[in-house]
Amino acid sequence: MTIKLSPDLRDSLLSRISPALTTYRALENARPIRSYRDRSPMEYDVECDEDVARALLDFAAKHCPEAVREIDFALRLAQSKETQPRQRGWFR
């Protein structure tokens, strides 16, 4: 699953999470989506599994409530994709 975070939210979470945790590594390895103008990161794509996302959501709820909405949205989106029936092709 992918969680999209602004640079400020990612940095805020990184500064509060222990480097020994998997959630820290997921944030640290997030892929920056860069601006065409000055190449600075506009947002980060945090790739992780559901367990890491839930741990990140719990941590954010206590230490960085501004990030809760984005993490919760990613979790809900991932769950909705799992429960939708598989699309069949035109000729199947």
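Nothing here was measured: the structure is a model prediction, and the numbers come from that model.

The subject of this paragraph is helix α3 (residues 50–63). Between its first and last C-alpha atoms α3 spans 20 Å; for 14 residues at 1.5 Å apiece the expected length is 20 Å, and the two agree. Listed in full, the buried residues belonging to α3 are Val 52, Ala 53, Leu 56, Leu 57, Phe 59 and Ala 60. You can read the cap of α3 off the contacts: a side-chain oxygen lies 3.2 Å from the backbone nitrogen of Asp 51, and it is on Asp 49.

Glancing now at the nonpolar core. By size, the foremost hydrophobic cluster in this structure holds 24 residues, and its most contacted members are Ile 3, Leu 5, Leu 13, Leu 27, Ala 67 and Ile 71. Mapped onto this core, the elements with two or more residues apiece are β1 (2–5), α1 (7–16), α2 (22–28), β3 (41–47), α3 and α4 (68–83). Of the residues forming this core, the biggest block, 6 residues, is contributed by α3. Not counting residues within four places of it along the chain, the set of residues in contact with Ile 71 comprises Ile 3, Ala 53, Leu 56, Leu 57 and Ala 60.

What counts, and at which threshold
- Residues numbered from 1 in each chain as written.
- Predicted model: local features only at pLDDT ≥ 70, side-chain atom pairs only at ≥ 80, totals over all residues.
- Heavy atoms only, no water.
- Helix = DSSP H or I, 4+ residues; strand = E, 2+ residues; numbered from the N terminus.
- Expected span 1.5 Å × (residues − 1).
- Buried < 20%, exposed > 50% of the residue type's maximum accessible area, 1.4 Å probe, protein only.
- Polar contact = N/O pair within 3.5 Å; in protein donor to acceptor, adjacent residues only side chain to side chain.
- Core = buried A, V, L, I, M, F, W, Y, C linked by side-chain atoms within 4.5 Å.
- Contact = heavy atoms within 4.5 Å.

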